[in-house]
Every structure is written in structure tokens, then in C-alpha cells.
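Overview (structure and organization)
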Amino acid sequence: MPTSLLPRFTLLSTRRAALAAALLGALLVSTPGLAATNPAAERLNDEGKALFKASDFAGAVEKFNAAIVLAPDARYYFNLCVALDRTGRLEESLQACDEVYAHQPTDDLKGKTGQKAAEVRARKRQQEASAAAGGAGAGDGAGAGDGAGADGAGAGGAGDGAGAGGAGDGAGAGGAGDGAGAGGAGAGTGAAGAGGTGPAGGTAATPPALEEPADPNSAYKWSAGAAVTAVVSTVGVASDDDARSGIGLKLHADLMLAPSAGLGLQGYVNFTFLDRDMMDPLSIFDFGAAAFIHRRLAHNLYLRPLAGLHFSGIQPGSNMYGESFSSAGLRLEVALDWVIPGGAYVLSFVPASLDIYAAATATGSVEPRAVYLDKPGVTIGISIGLQRRFTGELGPLFVLE
């Protein structure tokens, strides 16, 4: 290479290297997840997550806010959104979710944020509907006239509800009602006509105070819960004479098939331990599916009848060989569900449940009649439970970033 070209070549190479470095730096900064993190902000975010796991949601909010002050990262805004939701500050939670999108989130974080925001909005609508049902009242009454004009027409004041306009002193026009309907004209010093309540050119709208509050059952898509059952009596379950009592634990997941109709499907497992005396225990494991329907009795109180099928494994304690037996049967129950304000949790009370079992089938060499399982039987119980409802699609729960 000629000596005269070396300085020019070196200058071009330097400029290209600088340009490449600048482009690479811009790519790192603009690409979600690749930008350098702030160690102090990361530490505050980790402390917030620890407080969140310890159920100190207010403390977690403070830590996530402090992290955002140091570094406005999309992850911190998402964590703040989740923590604010748990403190009941739903409007602030939605604002934090909105901020996620303004700070270069990853595609995965965008999806999680959208799902979380939808859940918060649904719960916010439920709370607003519940508040409207309890606090809505009548209009403020009739508006007073604005005064009489000397020779002209004094205008009647507007009623705040559907109240009548005030009287004009000449040919005063009646005040407008709550809508766009015009008030009637008063003749002389007579009273003005009442204002219309309907929108102009349309059908009269139902006042907000008369609207039914939103049905809490229409907002959720699935739920998970547990219930404890006290078995108060049995008929013919591994016994030729005495009734048994015992205790049971049921774990279940419910999927709404037709929310507007209150129709759903429940999958469940049930563990029952029956004991006539300490020498003769009986263990039953059921798994099955059942259909149910919600019927509203009062605001947030529902009747929920349920019917389904189950398959069972039965282990008698009196069987010295340790063999188990199989059976199948029906499950019937009637529950009262109380939707706790906010719509996310439900308390359930079942005053009557029946688990019906067919005659058992041997899985080994011992005959069912040897342990009194050769005839159908029934367990009768009452139970109380708690379930958590979700408005998003069935899938993983939210995890902090």
C-alpha cells in the first residue's frame, strides 16, 4: 500500500469502528432486556419481591416505587402493578400497568401485563357496580326559577334529576330535565312544565340508580378451592349395622362454561376418613367431575346445586391383607356461596352433601362381602370451603419480575 494512503485508510477505519460501536450501543439500549441494569434498583426490586412473598404488600409498593425512581424499568412497573392490586388500590395499579408499555417491555411481559390489567379492570367494575347499588339515590329535586324578566321571559332553572323547571314571569320557558327533553312553557305567571327525561330523539334511558348491579359470577372464568367436610352419618358403607362418622378434604377446580347462564364444570379429588372405632377405620379416595349452576338469591349470595360422577378407591382398616377395593357412584350437593366484595374470593357452605357408592369390586383375593362392601352405601356430610376466582384464561398465575 502506498505510504500516502495510510493516514486516510487509518482515519476511515477509525470512523467505521466508532460508528459500529455507536450502533451496537444503541441496539443494546433499545432492545428490551439487554440494557444495563442499575444494581441499587435491582436490590430494591428484590427487597420488594421478598416483602410481597411475606404478604407485606404496602412495603413491597414502597420498594418498587423506590426502584422506579432510580431506574424506570418495565419490570419494576409490572411488580408495582401487582402489589398495588393486592393493596386494593386498583386505579393506581392500572396506571402502573400502563407505564409498563412505555418502558420497552419484552413480548412476554407485555402479555402478562395485558392479562393482569384485564383482571384488575374486571374487579374494579365489580366494585363500582356494588358501590352504585348501595349509594344511588334520587335526583336533587326541582330547580328554582332564575328570576322574572321585566318584560321578557325569565328562564326556569334546570332540575338536577327529572325535576320541574322554575316559573317564568312572562312567558318563561320551563327548565330542562335530566336529559335533553325541553320543559313546557309557562303561561303568564303559571308554573313551568316538567323537563323531559329522555335523550333527544331517542328512547328514555334507565336512570343509573335503577340499573341492576353487575353479577359477580359473570366476570370470572375459572377458580380453585378447598373444602373441609364433616361426615355426620353413613348408610351401608363397610358396616352391617352401626353408622360411621368422619372427616374429609376436597380440592377442586371450577371452569365456567356459560358465565351468563351461571353454568360450570367442576373437577375434584376428595379424601375421606371414616372411623367407627379405632380398630376399624376406612379410607376413601374419590376423583370425579360434576356440573353446577349458580342461582342468585340476593346481592353476592348464590344457591349452587351440583351433581356429578366419581370413581373411588376404598381401603378398609379391618382388611389384614391391606387390599383395596374400587367403586363408582354419584355426588350430590347444594351449596350457598357468598361472593366476598371484590369478587376474587368466595366462601361456600354446604348444608347437605351426599356421596353415593355402588357395591365395591375386589382388586385382589379378598371378597367385598368380607369387609361389608358388597352393597351400595351413602355418606352424608356438611362442609365449608374457600375458593379463589380468576378472570384470566386458565394458565400460570402471575409471577413477579
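Here, the structure is the one placed above.
Keep in mind it's a predicted model, so treat the numbers as computed, not measured.

Parameters at a glance
Residues numbered from 1 in each chain as written. Predicted model: local features only at pLDDT ≥ 70, side-chain atom pairs only at ≥ 80, totals over all residues. Heavy atoms only, no water. Helix = DSSP H or I, 4+ residues; strand = E, 2+ residues; numbered from the N terminus. Areas by Shrake-Rupley, 256 points an atom, 1.4 Å probe, with all protein chains shown as cover. Salt bridge = Lys/Arg side-chain N within 4 Å of Asp/Glu carboxyl O. Buried < 20%, exposed > 50% of the residue type's maximum accessible area, 1.4 Å probe, protein only. Patch = residues over 30% accessible without salt bridge, like charges linked within 9 Å, V, L, I, M, F, W, Y side chains within 5 Å. Axes fitted to C-alpha atoms, helices over the stretch in contact; angles between N-to-C directions. Parallel < 35°, antiparallel > 145°, perpendicular 65-115°, else oblique. Left-handed = near helix turned anticlockwise from the far one by under 90°. Contact = heavy atoms within 4.5 Å. Nonpolar A, V, L, I, M, F, W, Y, C, P; charged D, E, K, R; others polar. Pairing = 2+ DSSP bridges. Phe/Tyr/Trp six-rings, centres within 6.5 Å; stacked < 30°, edge-to-face > 60°. Polar contact = N/O pair within 3.5 Å; in protein donor to acceptor, adjacent residues only side chain to side chain. Expected span 1.5 Å × (residues − 1).

**Considerations on the overall build of the chain**
- The helix and strand inventory of the chain stands at 6 helices and 10 strands.
- In the form shown here, the chain has an accessible surface area of approximately 21200 Å², with 63% of it arising from carbon and sulfur atoms.

**Looking at the pattern of salt bridges**
- Enumeration over the complete set of coordinates arrives at 18 salt bridges.
- Residue Glu 47 is joined to Lys 63 by a salt bridge in which the shortest nitrogen-to-oxygen separation is 3.0 Å. Of the two residues, Glu 47 is situated in helix H2 (residues 39-53) and Lys 63 in helix H3 (residues 57-70); the sequence distance between them amounts to 16 residues.
- Glu 47 gets classed as partly exposed once you look at its relative accessible area, which sits at 31%.
- Given a relative accessible area of 28%, Lys 63 falls into the partly exposed group.
- Residue Glu 92 is joined to Arg 89 by a salt bridge in which the shortest nitrogen-to-oxygen separation is 2.9 Å.

**Points about a nonpolar patch on the surface**
- Together, Val 228, Ile 247, Leu 249, Leu 251, Phe 271, Phe 273, Phe 285, Phe 287 and Phe 311 give the surface a local cluster of nonpolar side chains, amounting to about 820 Å² of exposed area.
- Here the nonpolar patch takes 3 residues from strand S2 (residues 245-258), the largest share from any one element.
- Judged by its relative accessible area of 39%, Leu 251 falls in the partly exposed class.

**With respect to the packing of H2 against helix H4 (residues 74-87)**
- At a closest axis distance of 11 Å, the pairing of H2 and H4 adopts a crossing angle of 25 degrees. Judged on the interaxial angle alone, H4 and H2 are roughly parallel. Crossing handedness for the pair H2 and H4: left-handed. Residue-level contacts link Ala 41, Glu 42, Asn 45, Lys 49 and Phe 52 of H2 to Arg 75, Tyr 76, Asn 79, Val 82, Ala 83 and Arg 86 of H4.
- Classifying every residue of the contact of H2 with H4 gives 5 nonpolar, 2 polar and 4 charged.

**A word on the pairing of strand S10 (residues 377-390)**
- Note that strand S1 (residues 222-235) and S10 share 13 bridges and pair antiparallel. Paired with Gly 225 across the bridge in S10 is Gln 387.
- Pairing analysis gives 11 bridges linking strand S8 (residues 345-357) to S10, with the strands arranged antiparallel. Residue pairing across strands places Tyr 357 opposite Gly 377, the latter belonging to S10.

**Quick notes on the packing of aromatic side chains**
- One pass over the full model with this rule turns up 5 aromatic pairs.
- Ring centres of Phe 52 and Phe 57 lie 5.1 Å apart, and the angle between their planes is 65 degrees; this geometry places the pair in the edge-to-face category.
- For Phe 52, a relative accessible area of 14% gives the class buried.
- With a relative accessible area of 14%, Phe 57 lands in the buried category.
- Centroid distance Phe 287 to Phe 311: 6.1 Å. Interplanar angle 35 degrees. Geometry classified as tilted. Separated by 24 residues along the polypeptide, Phe 287 in strand S4 (residues 281-293) and Phe 311 in strand S6 (residues 301-316) bring together distant segments of the chain.
- Overall, the relative accessible area of 43% leaves Phe 287 in the partly exposed class.
- For Phe 311, a relative accessible area of 52% translates into the label exposed.
- Three or more aromatic residues joined by ring pairs make a cluster, and in this case those are Phe 271, Phe 285, Phe 287 and Phe 311.

**Details of the packing of H2 against H3**
- Direction vectors running N to C along H2 and H3 enclose 165 degrees, while the axes themselves pass 8 Å from each other. It follows from the interaxial angle that H2 and H3 lie roughly antiparallel. The element H2 and its partner H3 pack so that their crossing is left-handed. In contact with Ala 40, Ala 41, Leu 44, Asn 45, Glu 47, Gly 48, Lys 49, Leu 51 and Phe 52 of H2, H3 contributes Phe 57, Gly 59, Ala 60, Lys 63, Phe 64, Ala 66, Ala 67 and Leu 70.
- Within the contact of H2 with H3, the residues separate by chemical class into 11 nonpolar, 3 polar and 3 charged.

**With respect to the side chain of Asn 45**
- With respect to the element layout, Asn 45 can be found in helix H2.
- Looking at Asn 45, its side chain comes within polar contact range of the side chain of Asn 79, at 2.8 Å.
- The residues contacting Asn 45, other than those within four sequence positions of it, are Phe 64, Ala 67, Arg 75, Tyr 76, Asn 79 and Glu 401.

**Digging into H4**
- Taking 1.5 Å as the rise per residue, H4 with 14 residues should run 20 Å; its terminal C-alpha atoms sit 20 Å apart, in good agreement.
- In terms of burial, H4 is a largely internal element, 11 of the 14 residues being buried.
- Buried within H4 are the following residues: Ala 74, Tyr 76, Tyr 77, Phe 78, Asn 79, Leu 80, Cys 81, Val 82, Ala 83, Leu 84 and Asp 85.
- The N-capping residue of H4, defined by a side-chain oxygen 2.7 Å from the backbone nitrogen of Arg 75, is Asp 73.
- Looking one or two residues beyond H4, the residue adopting positive phi is Gly 88, at roughly 90 degrees.

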